[in-house]
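Structure assessment
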Amino acid sequence: MHPHTECFRLLAANILILSIFVITACSSPQSSAVRFGLASAPISLDPRFATDATSSRINRLLYQRLVDFDEHFQPIPSLADWQLLSATVYRFQLRDHGRRFESGEQLTSVDVKATYEFILDPANASPHRGSLLNIARIDAIDDDNIDFHLHKADPLFPANLVIGIVPTNIVEQGEILTTRSMGSGPFRFVEWPSQDRLIIQRREDGQRVEFIHVQDATVRVLKLLRGEIDMLQNDLPRELVHYLEKKDAVSVEHLDGNNFSYLGFNQNDPALMDIRVRQAIAYAVDRKSIIRNLLGGRTVVANSILTPEHWAGLKSVPGYTYQPSRARELLLQAGFHHGHPLQLEYKTSSDPFRIRIATILQQQLARVGIKVKLRSFDWATFYGDIKSGRFQMYSLSWVGIKNPDIFRYVFHSQSIPPKGANRGRYSNPQVDRLIDAVEASVDIDHRTTLYRQIQQLLLQDLPYVPLWYEEHFIASNDNISGYQLVKDGNYDGLGSVVKAASTRLAEAQ
Amino acid sequence: MSRYGLSVWIIIIWILGSFVSQLLPLNISQVELEAILQGPTLEHWFGNDDLGRPVFDRLLSGSYTSCIVALTVICISVITGTVIGTLSAYLGGLFDQVVVRVIDIFLAFPGILLAIALAGIMGPGIDNVVIALSVVGWVGFARLARAQTLSVKHRDHVQAALVLGSRQRKIIFVHLIPLISAPILVEATFGVASVVIAEAGLSFLGLGVQAPDASWGSMIRDGTRYMLVAPHLVLAPGVALMVVVLAVNLAGDRLRDQLDVKANIKEGET
């Protein structure tokens, strides 16, 4: 057979297969469920174990937690009000709202106690245990009242009680609710027929919501335009967001977010130990230009993990601006020049968007004479390397940080993994002292001042070069209304979303 | 030259362009934030990619990648394949049987899959792509050379050379290989086309050239993410790939027609 006739046959076969795909795709059924496109599938529906962003956000719909946050990230009552009985005893009083489990049983203080004791038991290896170690004892007083006894005073303690409450009988049976739910949230679990499709139902009116995982951004956009999904949130390149904004049938909304992107350094590295080198990098990165040309929308320059809107956030600080000449000067002082350039290895995940940003940073650092070697790894390898300190420089984001005790977790010299997330082995006695002082203090105003001092110090000392807070956006078809974006990027808006019967639906039936 | 027409000109442009591009000051890794996903302009003929790098420069550089890989792989494959195949047919016996089995095994296994596995094991990189494709590529030439040798080794001039006491090496290189070179040349031409496709495929999968170097395959992969907003990122390398492969295949067809003695005689008669 002639090779090129073979080519034509292959081509013909491909066209045939493609047309079959198109035909099956065309006949996809319309439905009254709100279909929500996801870039990554949820992993676990059990609030005691869920840690990834998608799982946590879906968990919020299925379960209720004791405490939530307002727009300044101050803890506010959700399932329960609280009062301080003594410096180390908090009493939580359950409210009437959100206390019916999917099974119909009433949520009581016993369920709260069971859930938290399960997490605190080291044998269960819950990833949330670390944030709750201050709990000494939990007493259920009656059905509605529960006391948390602490080892030491902590005025911010309620901010840790954000884990969904699971019924006692589930905890006692030792069941892990990875693939179903038994919560008291606004939604109930219906079905999880495949990894890529999860169906839940709003309890109030029976409105179904389907989460559909579509990995590829272009395919997700095409599905939205074809009506195969009704809405999607985040995880699109800016160019595709612009493309959607130009479409009549799709509306796009933006909101500033609090996901903090940063460049992290290994403080044990002989070159990066030098603060002048870290400052040079901070001055060499043109964050404004990257935001303007690549991220767009409402992404803003960051100076600290906490946003300025956070009650303990830095309000207005000069921060670092793009000053390549100053960067070169600092590098020269640190002993690096043309003949002896600074060489760094920069690790990032294999996500195309992260590689794109890393390539831009590489080029910006090259402009001041820093030779950066880019290495990208699959997520597990990358994250493993970062946790065990095998890196010179890396970039990552902190997602949804609300509690300022993050500073101990990330920057205290006692928090080197596995005890915490001080992955760069940063050690500054002054920062340690301030973190210890803030925890000893019970006065909120004093704490706020101390937190701001810590952030100011970190900004000078640069264990991280802060990059930006990425924006959130939602793109939805015209028949969707009532969804409210929130700064933390969760999916709570689904609680009030409405899907109008579309004209296309009428035609199809 | 005119009877080969456009296809040969395209091949000449491809090969010349590839090597000349190495002398030009190309900006293949010059990130330009202001020019991200810009369409074609007078300054940048094929527009700019997702990092604002000029697509035209990257296309030329990718052309060099595909050209150098194709030529190296085909050279290695043709030489090893022909030598092994001819020797096997000429010597016969156990050696022949072993070679035939090895060829059968290689042919039974999908070539590109083997290349993917090899490139995966050895790690990404253009030199490993060359090795992987050569390991797969020699088989076709060995089989062809063996079949051709079997049909010519009993011819009178070979017998005469044997009787005259010529050395085996002389018989193989002077009396056998020149006779079987025509079909091998044709096969090599088609081989170039399939190697160009295979290199693009491996680079598309991320096993070929590593960023920031360019290959048509990796350009297509990077471009697919922006297909809705900047189709030129996929079109430029895609069309280049298609044109080159088509030209090489057409040229191969012409070459075969010309080298096919029987067909030429028939043409002469009618």
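Residues numbered from 1 in each chain as written. Chains lettered and ligands numbered in written order. Predicted model: local features only at pLDDT ≥ 70, side-chain atom pairs only at ≥ 80, totals over all residues. Heavy atoms only, no water.

Let's shift gears to the side chain of Ser44 of chain A. Residues and elements named next belong to chain A. Residue position: Ser44 is located in the loop between β1 (34-38) and α2 (53-62). The exposure class of Ser44 is buried, given its relative accessible area of 8%. At 3.1 Å, the side chain of Ser44 and the backbone nitrogen of Asp46 are in polar contact. What Ser44 contacts, discounting residues up to four positions off in sequence, is Phe49, Ala50, Ser55, Asn59 and Thr178. (Helix = DSSP H or I, 4+ residues; strand = E, 2+ residues; numbered from the N terminus. Buried < 20%, exposed > 50% of the residue type's maximum accessible area, 1.4 Å probe, protein only. Polar contact = N/O pair within 3.5 Å; in protein donor to acceptor, adjacent residues only side chain to side chain. Contact = heavy atoms within 4.5 Å.)

Residue and element names in this part refer to chain A. Taken as a whole and assessed by the stated rule, the structure comprises 30 aromatic pairs over all chains. Aromatic side chains Tyr90 and Phe157 sit 5.5 Å apart centroid to centroid with 35° between the ring planes, which places their arrangement in the tilted category. Taken together, the positions of Tyr90 in strand β5 (residues 89-94) and Phe157 in the loop between β7 (145-150) and α4 (168-173) put the pair 67 residues apart, joining distant regions of the chain. Pair check on accessibility: Tyr90 and Phe157 agree, each one buried. (Phe/Tyr/Trp six-rings, centres within 6.5 Å; stacked < 30°, edge-to-face > 60°.)

Turning our attention to the interface of chain B and chain A. Each side of the interface is counted separately: chain B has 17 residues, and chain A has 21 residues. At the boundary of chain B with chain A, total buried surface from both sides reaches about 1,800 Å², with 67% on carbon and sulfur atoms. Sorting the residues of chain B by area buried against chain A places Leu33, Arg225 and Leu228 of chain B first, and these three jointly supply 35% of that buried surface. The interface formed by chain B and chain A holds 2 salt bridges in total. Across the salt bridge formed by Asp50 of chain B and Arg356 of chain A, the nearest N and O atoms sit 3.9 Å from each other. The tally of links between chain B and chain A comes to 5 residue pairs in polar contact (both at pLDDT 80 or more). (Buried area = accessible area lost by both parts, 1.4 Å probe. Salt bridge = Lys/Arg side-chain N within 4 Å of Asp/Glu carboxyl O.)

Applying the stated criterion to the full structure yields 37 salt bridges over all chains. The residue Lys347 of chain A makes a salt bridge to Asp385 of chain A at a minimum N-O spacing of 2.8 Å. Here Asp385 of chain A lies in helix α11 (residues 379-387) and Lys347 of chain A lies in strand β14 (residues 342-349), a separation of 38 residues in the sequence. Accessibility classification places Lys347 of chain A together with Asp385 of chain A in one group, the buried group. Its salt-bridge partner being Arg146 of chain B, residue Asp96 of chain B comes within 2.7 Å of it at the nearest N-O pair. You can see Asp96 of chain B sitting in helix α3 (residues 93-108) and its partner Arg146 of chain B sitting in helix α5 (residues 126-152), a full 50 residues away along the chain.

The packing of two helices is summarised by the inter-axis angle and the distance between the axes. Residues and elements named next belong to chain A. Here helix α13 (residues 429-440) crosses helix α14 (residues 444-461) at 165°, and the two axes come no closer than 9 Å. Comparing their axes, α14 and α13 come out roughly antiparallel. The two elements α13 and α14 meet at a crossing, and its hand is left-handed. Contacts between α13 and α14 pair Gln430, Val431, Leu434, Ile435, Ala437, Val438 and Glu439 from the former with Arg447, Leu450, Tyr451, Gln453, Ile454, Leu457 and Leu458 from the latter. Each residue belonging to the contact of α13 with α14 can be placed in one class, and the counts come to 10 nonpolar, 2 polar and 2 charged. (Axes fitted to C-alpha atoms, helices over the stretch in contact; angles between N-to-C directions. Parallel < 35°, antiparallel > 145°, perpendicular 65-115°, else oblique. Left-handed = near helix turned anticlockwise from the far one by under 90°. Nonpolar A, V, L, I, M, F, W, Y, C, P; charged D, E, K, R; others polar.)

Now for the domain arrangement of chain A. Residue and element names in this part refer to chain A. Partitioning chain A into domains gives domain 1 (3-43 + 183-256 + 473-499), domain 2 (60-173) and domain 3 (257-469). Computed over C-alpha atoms, the centres of domain 2 and domain 3 are 33 Å apart. Between domain 2 and domain 3, the contact holds 10 residues from the first and 15 residues from the second. The largest contributions to the domain 2 side of the interface with domain 3 come from Phe73, Pro155 and Leu156, which together make up 54% of the buried area. (Domains from an automatic or database assignment.)

Turning our eyes to something else, we now look at unusual backbone geometry. All names here are of chain A. A positive phi angle, near 60°, is found at Asn234, a position not held by glycine. Of note, the phi angle at Arg425 is positive, near 55°, even though the residue is not glycine. With respect to the helices and strands, the residue Arg425 is situated in the loop between α12 (406-411) and α13.

By size, the foremost hydrophobic cluster in this structure holds 98 residues, and its most contacted members are Leu263, Ile281 and Ile370 of chain A together with Trp14 and Leu133 of chain B. For this core, the element with the highest residue contribution is helix α7 (residues 168-204) of chain B, accounting for 14 residues. Aside from chain neighbours lying at most four places away, what touches Ile281 of chain A is Leu263, Phe265, Leu272, Leu344, Leu365, Ile370, Met393 and Val465 of chain A. Counting 54 residues, the second largest nonpolar core, distinct from the first, contains Ile58, Ile119, Ile146 and Ile480 of chain A. (Core = buried A, V, L, I, M, F, W, Y, C linked by side-chain atoms within 4.5 Å.)

Turning next to the pairing of β1 of chain A. Within a regular strand, side chains alternate between the sheet's two faces. All names here are of chain A. For β1, a buried count of 5 out of 5 residues is recorded, marking the element as mostly surrounded by other parts of the structure. The side-chain alternation of β1 yields two buried faces, one formed by Val34, Phe36 and Leu38 and the other by Arg35 and Gly37. Relative to strand β10 (residues 208-213), β1 runs parallel, the two sharing 5 bridges. Looking across to β10, one finds that Arg35 is bridged to Glu210. (Pairing = 2+ DSSP bridges.)

The next point concerns helix α8 (residues 216-224) of chain B. When you tally the buried positions in α8 of chain B, you get 7 out of 9 residues, the bulk of the element. Among the residues of α8 of chain B, Trp216, Gly217, Ser218, Met219, Ile220, Asp222 and Gly223 of chain B are the ones counted as buried.

Let's shift gears to the packing of helix α1 (residues 5-21) of chain B against helix α9 (residues 232-259) of chain B. All names here are of chain B. Taken N-terminus to C-terminus, the directions of α1 and α9 make an angle of 125°; their axes are 8 Å apart at the nearest point. One way to sum up the angle between α1 and α9 is to call them oblique. Judged by the sense of rotation from one axis to the other, the crossing of α1 with α9 is left-handed. Where α1 approaches α9, its residues Gly5, Ser7, Val8, Ile10, Ile11 and Trp14 are matched on the opposing element by Val243, Val244, Ala247, Val248, Leu250, Ala251 and Arg254. Among the residues making up the contact of α1 with α9, the classes are represented as 10 nonpolar, 2 polar and 1 charged.

The strands that make up a sheet pair up through hydrogen bonds in the backbone, lying either parallel or antiparallel. Residue and element names in this part refer to chain A. Reading across from one edge, β4-β5-β7-β6 is the order of the 4 strands in this open sheet, with antiparallel pairing throughout. Looking at strand neighbours, the two that pair on one side only are β4 (80-86) and β6 (135-140), the edges of this open sheet. Strand-to-strand twist across the sheet, computed as the mean angle between neighbouring axes with direction ignored, equals 20°. In terms of strand pairing, β6 meets β7 through 5 bridges, oriented antiparallel. Of the residues in β7, the one forming a bridge with Ile138 is Phe148. Its contacts with the sheet place helix α3 (residues 109-120) against β5, β6 and β7, and it is angled at close to 155° to β6.

What follows is about the confidence of the model for chain B. All names here are of chain B. With 95% of its residues at a pLDDT of 70 or more, chain B shows a mean pLDDT of 88. Per-element confidence in chain B ranges from a low mean pLDDT of 59 for helix α10 (residues 261-269) to a high of 93 for helix α2 (residues 55-91). Scored by ipTM, the complex comes to 0.73, with pTM at 0.80. (pLDDT = per-residue confidence, 0-100.)

So, on to the state of the cysteines. The final tally for this structure, using the stated rule, is 0 disulfides over all chains. Cysteine Cys75 of chain B shares no disulfide, and the gap to the nearest cysteine sulfur, in Cys67 of chain B, comes to 11 Å. (Disulfide = S-S within 2.5 Å.)

The next thing to look at is the environment of Phe187 of chain A. Residue and element names in this part refer to chain A. With respect to the element layout, Phe187 can be found in strand β8 (residues 187-194). Relative accessible area serves as the criterion here: at 0%, Phe187 is assigned to the buried category. For the pair Phe187 and Val497, spaced 310 residues apart in sequence, the C-alpha separation works out to 12 Å. The residues touching Phe187, leaving out its near neighbours within four places in the chain, are Leu61, Leu62, Glu102, Ile200, Gln201, Arg202, Arg203, Gln207, Val209, Leu494 and Gly495.

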